[in-house]
Amino acid sequence: MKAETISWTGQSVERVEDAALLTGRGRFIDDLGIRPGTLHAAILRSPHAHADILSIGTGAAAALPGVVAIVTGRDLARLTTPMVAGLKIAAENWPMAVERVRYVGEPVAIAVAENRYLAEDALDAIEIAYKPLPAIVDPVASMAEEAPVLHEKAGANLVSDRRFRYGEPEPAFAAAAHTISVSIAYPRNTGAPMETFGVVAEYDPHEGVYDILANFQGPFSIHTVLARALKVPGNRLRLRMPPDSGGSFGVKQGVAPYAVLIGVAARIAGRPVKWIEDRLEHLGAAVAATNRVTTLKAAVSAQGRISALDWDQIEDCGAYPRAPEPATLYRMHGNMTGAYDIRHVAMRNRVVLTNKAPTGLVRGFGGPQVYFALERLMQRIAVELRLDPLDVIRRNLIPAGAFPYRTATGALYDSGDYQAAVEQAVAGRLAELEQRRHAARAAGRHYGIGFAAAVEPSVSNMGYITTVLTAEERRKAGPKNGAQATATVSIDPVGSVSVHVASTPQGQGHRTVLAQVVADIFGLPHRDIRVVADLDTGKDAWSIASGNYSSRFAAAVAGAAHLAATRLRDKLALIAAEQLEAEPGQIGFAGGAVFAKGNPDKTIPFGRIAALCHWSPALLPDGVDQTIRETAFWTPPQLTAPSERDEINSSLCHGFIFDMAGVEVDPSSGKIRIDRYVTMHDCGRVLHPGMVEGQIRGGFAQALGATFYEELAYAEDGAFLTGTFADYLLPTATEAPDIEILHIETPSPFTPLGTKGVGEGNCMSTPVCLANAVADALGVSDIALPLTPARLAALAAEPEPTRPATSRAAAAPAARPGDRSLRGEGEARVGAVPEAIWAMLLDVDTLASIIPGCHGVQKLSETHFKADVTLGVGPVKGRYKAEIRLEDLDEPQAATLTGSVSGALGTGSGSGRVTLTPDGKGGTVIGYAYEAAVGGKVAAIGGRLLDGAAKAIIGQFFAALARKASPGKPGLLARLFGRRA
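Nothing here was measured: the structure is a model prediction, and the numbers come from that model.

Draft legend 1. Local environment of the nonpolar core. Among the nonpolar cores identified, the biggest contains 177 residues, and Ile-212, Trp-311 and Phe-658 are the most heavily contacted of them. Not counting residues up to four positions away in its chain, the partners in contact with Phe-658 are Leu-390, Ile-393, Val-422, Ala-425, Val-426, Phe-451, Ala-452, Ala-453, Val-678, Thr-679 and Met-680.

Draft legend 2. Structural view of the sheet that holds strand 20 (residues 497-501). The four strands lie next to each other as 21-20-19-26, forming an open sheet whose pairing is mixed. Lying at the two open borders of the sheet, with one neighbouring strand each, are strand 21 (529-532) and strand 26 (629-634). When the angles between neighbouring strand axes are averaged without regard to direction, this sheet yields 20°. Examined bridge by bridge, strand 20 and strand 21 share four bridges and lie parallel to one another. Counted as the bridge partner of Val-497 is Ile-529 from strand 21. Sitting on the sheet, helix 15 (residues 510-522) is in contact with strand 19 (485-491), strand 20 and strand 21, with an inclination near 140° to strand 21. Strand contacts of helix 16 (residues 553-580): strand 19, strand 20 and strand 26, with the helix running at about 35° to strand 19, the strand carrying the most contacts.

Draft legend 3. Looking closely at the side chain of Thr-755. Mapped onto the secondary structure, Thr-755 falls in the loop between strand 29 (740-743) and helix 20 (761-778). In this structure the side chain of Thr-755 is engaged in a polar contact, spanning 2.9 Å, whose partner is the backbone oxygen of Ala-554. From its side chain, Thr-755 meets the backbone nitrogen of Ala-555 in a polar contact 3.4 Å long.

Draft legend 4. Quick peek at helix 15. In this model helix 15 runs 19 Å from its N-terminal to its C-terminal C-alpha over 13 residues, within 8% of the 18 Å that 1.5 Å per residue would give. In terms of burial, helix 15 is largely enclosed, as 12 of its 13 residues are buried. Along helix 15, the positions that sit buried rather than exposed are His-510, Thr-512, Val-513, Leu-514, Ala-515, Gln-516, Val-517, Val-518, Ala-519, Asp-520, Ile-521 and Phe-522. One or two steps after helix 15, the chain reaches Gly-523, where phi turns positive at roughly 65°.

Draft legend 5. Main features of the environment of Lys-480. Tracing the backbone shows Lys-480 in the loop between helix 14 (471-477) and strand 19. Lys-480 sits in the partly exposed class, given a relative accessible area of 40%. Expressed as a C-alpha distance, the spacing of Lys-480 and Met-462, which sit 18 residues apart in the sequence, is 6.4 Å. When residues no more than four places from it in sequence are discounted, the contact partners of Lys-480 are Gly-463, Thr-466, Ala-641 and Pro-642.

Draft legend 6. Representation of the sheet that holds strand 25 (residues 599-605) within the structure. Taken together, the three strands give an open sheet; going across it, the order is 23-24-25, and neighbouring strands pair in antiparallel fashion. The two strands at the open ends of the sheet, each matched to only one other strand, are strand 23 (587-590) and strand 25. Shown here is a sheet whose adjacent strand axes are inclined to one another by a mean of 30°, direction ignored. By the bridge criterion, four bridges tie strand 24 (residues 593-596) to strand 25 in an arrangement that is antiparallel. Bridge pairing in strand 25 links Ala-593 to Pro-605. Strand contacts of helix 16: strand 23, strand 24 and strand 25, with the helix running at about 115° to strand 23, the strand carrying the most contacts.

Draft legend 7. Focus on the environment of Asp-868. Considering the arrangement of structural elements, one finds Asp-868 in strand 32 (residues 864-873). Overall, Asp-868 belongs to the buried group, its relative accessible area being 13%. Remark: the alpha-carbon pair of Asp-868 and Ala-289, spanning 579 residues in sequence, is separated by 38 Å.

Draft legend 8. How the structure looks around the pattern of salt bridges. In the structure shown here, the tally under the stated rule is 50 salt bridges. Close ionic contact of Arg-350 with Asp-312 constitutes a salt bridge, the shortest N to O distance being 2.9 Å. Taken together, the residues span a long stretch of sequence, with Arg-350 in strand 15 (residues 344-352) and Asp-312 in strand 14 (residues 306-316) at a distance of 38 residues. Several salt bridges share partner residues, and in doing so they unite Arg-429, Glu-432, Arg-436, Arg-445, Glu-664, Arg-673, Asp-675, Arg-676 and Glu-740 into one network.

Draft legend 9. Highlighting the environment of Glu-472. Take Glu-472: it is sitting in helix 14. Since its relative accessible area comes to 47%, Glu-472 is described here as partly exposed. Counting along the chain gives 227 residues from Glu-472 to Gly-699, while the straight-line C-alpha distance between them is 39 Å.

Draft legend 10. Geometry of the packing of aromatic side chains. Overall, the coordinates contain 17 aromatic pairs when judged by the stated rule. Between Tyr-103 and Tyr-320, the aromatic rings sit 6.4 Å apart at their centres with planes inclined by 80°, giving edge-to-face as the arrangement. Taken as a pair, Tyr-103 in the loop between strand 4 (100-101) and strand 5 (107-113) and Tyr-320 in the loop between strand 14 and helix 9 (327-330) lie far apart in primary sequence, 217 residues in all. The pair Tyr-103 / Tyr-320 is uniform in exposure class, with both members buried. For the ring pair Tyr-714 and Phe-720, a centre distance of 5.3 Å and an interplane angle of 55° mean the geometry is tilted. Assessed through its relative accessible area of 14%, Tyr-714 is described here as buried. For Phe-720, a relative accessible area of 3% puts it in the buried group. Members of the aromatic cluster, connected to one another through ring pairs, are Phe-164, Tyr-166 and Tyr-330. Above the plane of the ring of Phe-365 lies Arg-331, whose end atom (NZ or CZ) is 4.5 Å from the centre.

Basis of the calculations
- Residues numbered from 1 in each chain as written.
- Predicted model: local features only at pLDDT ≥ 70, side-chain atom pairs only at ≥ 80, totals over all residues.
- Heavy atoms only, no water.
- Core = buried A, V, L, I, M, F, W, Y, C linked by side-chain atoms within 4.5 Å.
- Buried < 20%, exposed > 50% of the residue type's maximum accessible area, 1.4 Å probe, protein only.
- Contact = heavy atoms within 4.5 Å.
- Pairing = 2+ DSSP bridges.
- Helix = DSSP H or I, 4+ residues; strand = E, 2+ residues; numbered from the N terminus.
- Axes fitted to C-alpha atoms, helices over the stretch in contact; angles between N-to-C directions.
- Polar contact = N/O pair within 3.5 Å; in protein donor to acceptor, adjacent residues only side chain to side chain.
- Expected span 1.5 Å × (residues − 1).
- Salt bridge = Lys/Arg side-chain N within 4 Å of Asp/Glu carboxyl O.
- Phe/Tyr/Trp six-rings, centres within 6.5 Å; stacked < 30°, edge-to-face > 60°.
- Lys NZ or Arg CZ within 6 Å of the ring centre and 35° of its normal.

Okay, here's the thing in structure tokens:
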């Protein structure tokens, strides 16, 4: 039975979520009340990228007032098992380091205390001894025989190597007129949501039940992973999600290991435990999008028609392949030919591990990496064959009459008219851009036009990740497929309608759209529908595929709500037909009433019919069991398991995006001005135009970040270098230009409402569209993200003239990316003879009194000391263990000092030569030259302050030494030496 009217769906009605969010009444995880007696956790993280843990001393921390428990990796290992990885490899995937750390920021201990302040203080008192190991951060270098191996049981850092072949790629390449290729190193970036991770966990020892509240977005396949890790059956793990979440963009899937950590902490402490991640933790250790190295080749005719593709992809999953990884690599497997009709494909997928934080799902996961390579290739084909770039796109698009279209790798594209979308987007606009380009170039400016065409997959097939397995391995494991969505529609005793879905929103507006969809079914005002967005796995309907990911809401979740409401409405029609003495097919629903069509006198208020099952169940007609609640479980039959030939329909729906941009580049400053940006979308039927526009603009803004600003950078030794928003840059509204949004609708035949996803599109299409425009503007072939001003200025710069052979100028050493090395030299004058100064430098009590921030010095030998110090660099202040050795002694004239410091906030090591020279006036000139390197959070956060901080600390040391050596004149000497150091 069809609804009588479509009053709400398709309108940009006011969002029901906004009133609370805009007035600060949102209910985020940190806003929700907690039980009396709840403790708070702080996490101690590794300052090393790769190191063995020799010992962890927790006694001093555990003895602090207010501290209830200190949890280490060994404590965790006694109560849990390693988390299941997305790959079957011989590597233990613990959520906290047990014997070895493998990335900067990896948890090594948890302090649980009465409040967060006490817990943070307890971290400073935990003593950890590390044995640093060589680190590897480059995914290609990690596969070399000599590369340090992260997991010795695995035997190598290459943990998966799969080859695929579809059609006849080898003959196609042999027969092609041209082979054209691109090589891409896509950078690592993240979603950076406004709200970071949060977990509140409780353990009931009587029933062995974990109750965990987390701002988690799913997928709920992670529920199984967590239950197994916690060593409890699924019905002993209750996951709850708060009503509101401050963004996710896929990243909050990564809260899973912390759910295990805080759950175990609650079990050990015997009380509920709460943990809210801070921004420094999030940037350094939350999941990120994979950095991928791709070589893509095309077999091309002289006219630019592609017959075959050859993909070689190396996926860097960081230190652990945490579930659902390598999902980012395989989510696009069915879509590797994009919007193009290409029947022959060869593919090699390799997954490697490096000493970086584990990767996970980030908006568009897998799409940006694929389309950056594919659409850069399309432009290179045009340039190398001297063809028009748009013509190359047009000649390769899938024909409009081919839908539903099966790709070579197995995807089933549901609907589309790509040619019509492209022509509507360029009509009148491209000619204007070309005129602007011509005028700019005539004036000597750098102006370029870029294009990108992309297919946007949505509603992921759970079986796609099993494509990483061979057909034989899949047979042993059993088939996995589908994308089940769940929705419940219920009616209370007064006839009010409520909706509950297994999809937790992160700001998308689920409640508004669901109210529109269900209101149309019952003929009610949309504001009369109450939608519940929070979720509790202990009592609500859900399935392993439930969750809010892969743009599945409109197509799958809203569709399931539509089905559940329709079933209830059809039952109500049977009741109304009996009471109105009409045929069920004659019953209509509109305006808050139920009526017999063609007879306006036969009308009953909706509430009276809807509440009948509560008040008078005995009056229900035959064939109607109840009208109180209906739960729909919907899964599309098109999502099957991978075939024996590794073909996979990795997503149900396939939207289309075509982007066109005109940009101008200033070669001297490296600045880019986006002159015009046009984006065309086909997302099937549009349910709420305003929200669709919001999704597109939001995706575009995030794509600007990926294009121009964002990169999670690591030094060669694995030190994390972008620990604040001063180093990891994000675009703001100021940097986001206005864009022109266009639509073409080809409803999907596979979804209940004809909808497709639209939440990820511009994250996939915009970076490469803008890169193509920049390449056109500058006439360059190699483009690497992010397109920072320095990188663009270098691309635009004219080649420097060769230096004459007679030049004697010494070449400056090449700076390494993210270098955090410190060098300095200076001198100080002290009013004591060298022998006295020498004795002071070897005296424990003197050292303890003059070392800045020192809490005590321990003498291990005549030339070997240990010290406990508190140091601060900008916003970073922490406690460190320092070791100092004196070598190459030339008493009392000179010595070499070597040392290292290690603490929760970072590490450092270095050496310096100190000379003591009599000044002829009874005093000493102390000369020094040092070189040091730092890593960990202190390098990531305070990098720009390190030089100044080092000089200040050295100045404080010599000022204190001067006071000690010349106690009669402390003020003047201290000021003098403090300035000179």
